[in-house]
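Topology and contacts: notes
One letter stands for each residue in the lines below.
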Amino acid sequence: MSEPTARTAFHFHTCWELPEMLGRRAFDERELLEHLEEVPLDSIYFHTHSSCLRQRGVPGVYPNDFATWAAIQVRDRVLGEKLGIIDPHEYADLESLRAEVVSLIDDHLAQLRSVPRIMFGFGEPFYFMQSRVLEIPTGVKVRTLREFRDALTTIDSGAVYLHLVEARGRKGRRRSDFAAWVDEQLKLPDLAARMGRLNPFQQSLEDIRRRLVTLADEALDRA
Amino acid sequence: MSEAVPTLEDYRDVAPPGTVELLRRLSERVRGRRVLHVSTSGKVGGVAEILRRLVPLLEEAGVDAGWESLDGEEAAAQVAARLHTALQGDEERMPPETFDDFRTFTRARAASLELTADVVVTHDVLPAALVDARPPEGVWVWRCHLDVSRPQRRAWTFLRQFVVKFDAAVFSLPSFAQRLPIPQFLVYPSIDPLSDKNRDLAPSEIDAILAQLGVPRDKPILLQVARFDRFKDPLGVIDAYRLVKRQHDCRLVLVGGAESDDPGGVELSADVREAASHDPDLHVLELPAHARREVNALQRAATIVFQKSTREGFGLGVAEAMWKSKPVIGGFAGGITAQVIYDVTGYTVNSVEGAAFRARQLLADPELCARLGAAGREHVRQNFLITRQLGDELALMATLLR
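Residues numbered from 1 in each chain as written. Chains lettered and ligands numbered in written order. Predicted model: local features only at pLDDT ≥ 70, side-chain atom pairs only at ≥ 80, totals over all residues.

**Observations regarding the overall build of chain B**
Scanning chain B for helices and strands turns up 14 helices and 12 strands. Relative to the globule expectation of 21 Å for 402 residues, the C-alpha radius of gyration of chain B, 22 Å, shows essentially globular dimensions. The C-alpha extent of chain B, read off along each of the three principal axes, is 65 × 50 × 40 Å. A total of 402 residues make up chain B; the buried ones form 49% of that total. When contacts within chain B are restricted to residue pairs at least 6 apart in sequence, long-range pairs at least 24 apart make up 67% of them. (Helix = DSSP H or I, 4+ residues; strand = E, 2+ residues; numbered from the N terminus. Rg over C-alpha atoms; globule rule 2.2 N^0.38 Å. Buried ≥ 20, exposed ≤ 12 C-beta atoms within 10 Å, placed from the backbone. Contact = placed C-beta atoms within 7 Å.)

**Quick word on the packing of helix α3 (residues 74–87) of chain B against helix α5 (residues 153–163) of chain B**
Residues and elements named next belong to chain B. Contact geometry for α3 and α5: axes closest at 8 Å, N-to-C directions at 115°. The orientation of α3 relative to α5 falls into the category roughly perpendicular. The interaxial crossing formed by α3 with α5 has left-handed handedness. Here L83, A86 and L87 of α3 lie close against α5, whose contacting residues are A155, W156 and L159. Across the contact of α3 with α5, the residue classes tally to 6 nonpolar, no polar and no charged. (Axes fitted to C-alpha atoms, helices over the stretch in contact; angles between N-to-C directions. Parallel < 35°, antiparallel > 145°, perpendicular 65-115°, else oblique. Left-handed = near helix turned anticlockwise from the far one by under 90°. Nonpolar A, V, L, I, M, F, W, Y, C, P; charged D, E, K, R; others polar.)

**So, the domain arrangement of chain B**
It is common to report an interface's size as the accessible area lost on association of the parts. All names here are of chain B. Split by domain assignment, chain B resolves into domain 1 (8–190 + 385–401) and domain 2 (203–383). Look at where the C-alpha atoms of domain 1 and domain 2 centre, and you get two points 30 Å apart. Contacts between the two partners involve 9 residues from domain 1 and, on the opposite side, 10 residues from domain 2. Broken down by class, the residue content of the side of domain 1 that touches domain 2 amounts to 6 nonpolar, 1 polar and 2 charged. (Domains from an automatic or database assignment.)

**Regarding the domain arrangement of chain A**
Residue and element names in this part refer to chain A. Taken domain by domain, chain A holds domain 1 (5–15 + 133–222) and domain 2 (18–130). In this structure, domain 1 and domain 2 have C-alpha centres spaced 29 Å apart. Counting from both sides, the interface comprises 13 residues of domain 1 and, opposite them, 13 residues of domain 2. Listing elements by their share of the side of domain 1 that touches domain 2, those giving two or more residues are α7 (157–169) and α10 (205–222). Here the side of domain 1 that touches domain 2 takes 5 residues from α7, the largest share from any one element. Here the residues of the side of domain 1 that touches domain 2 sort into 5 nonpolar, 5 polar and 3 charged.

**So, the interface of chain A and chain B**
Each partner contributes to the interface: chain A provides 27 residues, whereas chain B provides 34 residues. Counting only elements with at least two residues in the side of chain A that touches chain B, the list comes to β1 (5–26), β2 (126–144) and α7 of chain A. The residue inventory of the side of chain A that touches chain B, partitioned by class, reads 14 nonpolar, 8 polar and 5 charged. Sheet analysis places β1(A) next to strand β6 (residues 184–186) of chain B, joined by 2 bridges and oriented antiparallel. Pairing of A:E20 across the sheet is with B:F185, part of β6(B). (Pairing = 2+ DSSP bridges.)

**Side note on the pairing of strand β4 (residues 139–143) of chain B**
Two faces, one strand: in a regular strand the side chains alternate between the faces of the sheet. All names here are of chain B. Within β4, 4 of the 5 residues are buried, leaving the element largely enclosed by the surrounding structure. Alignment of strand β3 (residues 119–123) against β4, held across 5 bridges, turns out to be parallel. Across the sheet, T122 pairs through a bridge with W142, a residue of β4. Sheet topology places β4 next to strand β5 (residues 168–171); 3 bridges connect them, and they run parallel. For R143, the partnering residue across the bridge sits in β5 and is V170. Regarding the hand of the β-α-β motif, the stretch spanning β4, α5 and β5 is right-handed. (Right-handed = clockwise from strand over helix to strand, strands pointing away.)

**Structural notes on helix α6 (residues 145–154) of chain A**
Each α-helix winds once per 3.6 residues, and so residues spaced three or four apart point in a common direction. Residue and element names in this part refer to chain A. Taken as a whole, α6 has its buried residues at L145, F148 and L152. Down the axis of α6, the sector holding all buried residues measures 55°, keeping them to one side. Turning to α6, the residues buried within the fold contact β1, β2 and α10. (Arc of directions from axis to C-beta.)

**So, the environment of B:L201**
Residues and elements named next belong to chain B. Looking at the element boundaries, L201 is found in the loop between β6 and α6 (203–213). A tally of 19 C-beta atoms within 10 Å means that L201 is categorised as partly exposed. Counting along the chain gives 141 residues from L201 to E60, while the straight-line C-alpha distance between them is 27 Å. Leaving out residues up to four positions away in the same chain, L201 has contacts with I206, N296, A297 and R300.

**As for the nonpolar core**
Among the nonpolar cores identified, the biggest contains 180 residues, and A:Y161, A:V182, B:V35, B:L222, B:L223, B:A359 and B:L394 are the most heavily contacted of them. Those residues in contact with A:Y161, other than ones at most four positions away along the chain, are A:C15, A:C52, A:L53, A:E166 and A:L205. (Core = buried A, V, L, I, M, F, W, Y, C linked by C-beta atoms within 7 Å.)

**Structural notes on the packing of helix α3 (residues 65–73) of chain A against helix α4 (residues 77–84) of chain A**
Residues and elements named next belong to chain A. Here α3 crosses α4 at 165°, and the two axes come no closer than 7 Å. With respect to α4, the axis of α3 lies roughly antiparallel. Where α3 crosses over α4, the handedness of that crossing is left-handed. Here F66, A67, A70 and A71 of α3 lie close against α4, whose contacting residues are R77, L79, G80, L83 and G84. Residue composition of the contact of α3 with α4, by class: 6 nonpolar, 2 polar and 1 charged.

**Some thoughts on the pairing of strand β7 (residues 221–225) of chain B**
Residues and elements named next belong to chain B. The buried fraction of β7 is high, at 5 of 5 residues. The side-chain alternation of β7 yields two buried faces, one formed by I221, L223 and V225 and the other by L222 and Q224. Here 5 bridges tie β7 to strand β8 (residues 251–256), and the two strands are oriented parallel to one another. For V225, the partnering residue across the bridge sits in β8 and is V255.

Next comes the structure, spelled out in structure tokens:
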């Protein structure tokens with residue numbers, strides 16, 4: 001049986017992130033909260049969604065910068081855990097995500113007698129950042145699952161980020177570009193569902209790439 | 001002997017998959033555009049070392065890349081050195097004539113340089129004043145490689161009047177950023193995996209170099225490579241080693257040295273040598289700056305690498321060690337915290353005891369060493385190789401010229 005061929009090819013794009021500093025810093029959790037209410041949404045995005053872009057090969061302690069700072073720099077493990085469980089994709093938009101982070105910190109502080117802060121000399125302040133993300137066409141276009149699988153092994157992990165995270169987080173798509181194409185073009189809804197369950201906030205981008213290849217291999221074996 | 005300059009293609013096997021293609025695609029955005037880098041020196045120092053590799057790669061990527069330096073006058077070098085140390089927090093008072101000398105020198109050099117380009121990047125202090133002679137066209141970027149997180153205020157106020165005339169600034173760490181009315185980008189420094197300091201070495205080559213240096217390989221080696229100044233805390237490393245030594249037979253190798261014009265460093269160097277004189281397992285090696293292959297071999301032979309600084313710029317020695325799959329125990333300072341992921345690629349510590357505890361833990365658990373080492377190499381591959389820095393430079397150009 002011949003392999004399903006897509007009418008519309010999947011065109012891999014990748015990206016390059018250029019981080020930019022906002023000149024704002026927080027030394028304690030109250031300051032973090034206050035800045036969080038004011039910083040541009042791009043900064044919320046940088047410290048949550050695109051955090052995984054900076055943990056491509058090796059996942060960090062927590063999948064977002066706020067949780068990592070609270071746990072490591074302030075040594076407030078409770079707040080680190082509360083923030084660490086946040087999945088950016090569960091929020092309709094960045095304002096909702098901002099509101100959730102602010103509320104979590106506010107609730108946490110309400111239960112404490114003093115505001116946790118970094119100890120001078122033993123912890124780093126939180127530096128607010130944002131970034132410019134340049135989207136770059138790779139020139140790689142595929143029409144079959146096998147071509148898709150082979151391309152995944154050679155493209156850089158920025159492409160995985162772009163089609164998985166930016167597609168949903170910045171472009172507001174319901175699911176990742178990979179899952180959408182496999183479902184709509186290759187008519188493989190089961191594989192699309194499996195791909196849709198991959199979470200870049202629980203695994204590194206390199207792990208996701210490997211998992212995507214494995215899922216494609218399994219589907220090809222079954223065909 | 002100078003090293004051969006690698007081509008972009010040479011990095012294909014060491015950079016993350018797809019990187020070379022990505023860089024070629026990214027470079028299409030700025031192909032044919034001219035970038036001019038201006039550094040204080042074209043021969044010595046970290047900036048010259050970076051540009052020597054980066055400029056040919058930019059050219060290969062299709063950018064019309066140029067590099068000018070302000071070499072030439074001893075007096076100017078002294079002015080630059082004074083400003084550097086003041087900007088990095090040294091409390092020595094800057095005499096007013098330093099600022100006058102600075103202006104006089106840079107004004108004269110500006111007249112002799114062709115400063116027309118789509119993007120002009122001036123590195124650190126001395127070339128920053130060239131911005132006063134900027135032509136109407138072109139984007140100007142101030143690239144600061146210094147730790148200016150706690151500058152001497154007078155020195156920073158002087159420099160700031162030039163910096164605000166740029167279109168953007170680039171720093172190596174978020175903590176170095178300043179209150180400025182221009183965009184401030186973050187570009188981490190990088191290591192070159194193909195340089196003599198970082199390229200793969202055959203086991204026989206490592207053995208031969210260590211034998212030559214008089215370091216036996218009969219027991220685990222703890223290593224710190226850093227000049228002898230108090231911020232690098234070599235005496236703290238020795239104390240930590242002694243705590244480790246109570247439970248694990250090992251050697252400590254300190255590679256460093258002190259500048260002859262730094263009395264504190266010379267005194268510290270003597271203290272370090274004194275400590276080593278009573279212990280045959282403690283080796284103090286003062287190697288010249290060009291002994292890159294020797295440092296490479298020592299890092300590869302080590303079981304654990306320390307970078308126990310109490311104050312640090314970026315501390316690229318950490319990335320060098322991690323690239324060689326070594327777990328790193330680093331001080332909680334400067335760029336070390338940006339490189340070491342706690343319990344993933346190594347540990348950051350705040351005390352001698354903390355350093356000793358983690359070293360004991362690692363020596364007792366070779367699997368932990370291997371896990372942290374492998375993660376460290378991958379972390380460097382993704383974040384601290386020169387290919388990433390090249391991409392940042394191209395992205396910066398593309399962003400500013402958009």
